[in-house]
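# Coordinate inspection notes
Now for the letters of each chain:
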Amino acid sequence: MTQRDLTHHFVALAHQFRLGQSAAAVMELPALLEQAMGHLPSQQQSEFGAIVAALLTCQERQDWIGLADWLEGEMVALLERLD
């Protein structure tokens, strides 16, 4: 999967969270994060880790809108810097 494909999938997943489809979206998130991690150079792993930590915090609070914001904002921005 290319970075552009990953970006598209993260945006689509963010939309699922915003539409209240959190149960399905939560199931897709780990595999997508794993794929994204494989595309990142080592110098961006710490930024990726910080984003994942924020995602987990949002998930624990069941803050699906916040989680969607992190996916569509910070995660997409990180991936776009790779192009």
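See the structure shown above.
Structural notes, computed from the coordinates. Since the structure is predicted, the reported quantities are computational estimates derived from the model, not experimental observations. By convention here, each chain's residues receive numbers from 1 onward along its written sequence. Selection of residues for local features in this predicted model requires a pLDDT of at least 70, selection of side-chain atom pairs for listing and counting requires 80 or more, and totals for whole chains, interfaces and linings are taken over all residues. Computation of side-chain values: all heavy atoms of the structure, hydrogens and water removed.

Here we come to the overall build of the chain. Think of it this way: any DSSP run of H or I at least four residues long counts as a helix, any run of E at least two long counts as a strand, and we number them from the N terminus. Broken down by element type, the chain carries four helices and zero strands. Of the regular secondary structure in the chain, the N- to C-terminal order runs α-α-α-α. The atom set for the radius of gyration is the C-alpha atoms, and the globule formula is 2.2 Å times the number of residues raised to the power 0.38. Radius of gyration (C-alpha) of the chain: 12 Å, near the 12 Å computed for a compact globule of 83 residues. If one aligns the C-alpha atoms of the chain with their principal axes, the spans along those axes are about 30 × 20 × 20 Å. Every one of the 83 residues in the chain was classed for burial, and the buried ones make up 35%. Whether two residues are in contact is decided by their heavy atoms: any pair within 4.5 Å suffices. For the chain, contacts bridging at least 24 residues in sequence account for 64% of all contacts bridging at least 6. Residue exposure (1.4 Å probe, protein chains only): buried if accessible area is under 20% of the type maximum, exposed if over 50%, otherwise partly exposed.

In summary, soluble globular proteins display a tendency toward joint burial of nonpolar side chains. Core analysis: the largest hydrophobic core is formed by 23 residues, its most contacted members being Phe10, Leu33, Phe48, Leu71 and Met75. Counting only elements with at least two residues in this core, the list comes to helix H1 (3-18), helix H2 (22-39), helix H3 (45-61) and helix H4 (64-80). Sort the elements by how many residues they give to this core and H4 lands first, with seven residues. Setting aside chain neighbours within four positions, we find Phe48 in contact with Leu33, Ala36, Met37, Leu40, Met75 and Leu78. In this description, a nonpolar core means a group of buried Ala, Val, Leu, Ile, Met, Phe, Trp, Tyr and Cys residues linked to one another through side-chain atoms lying within 4.5 Å.

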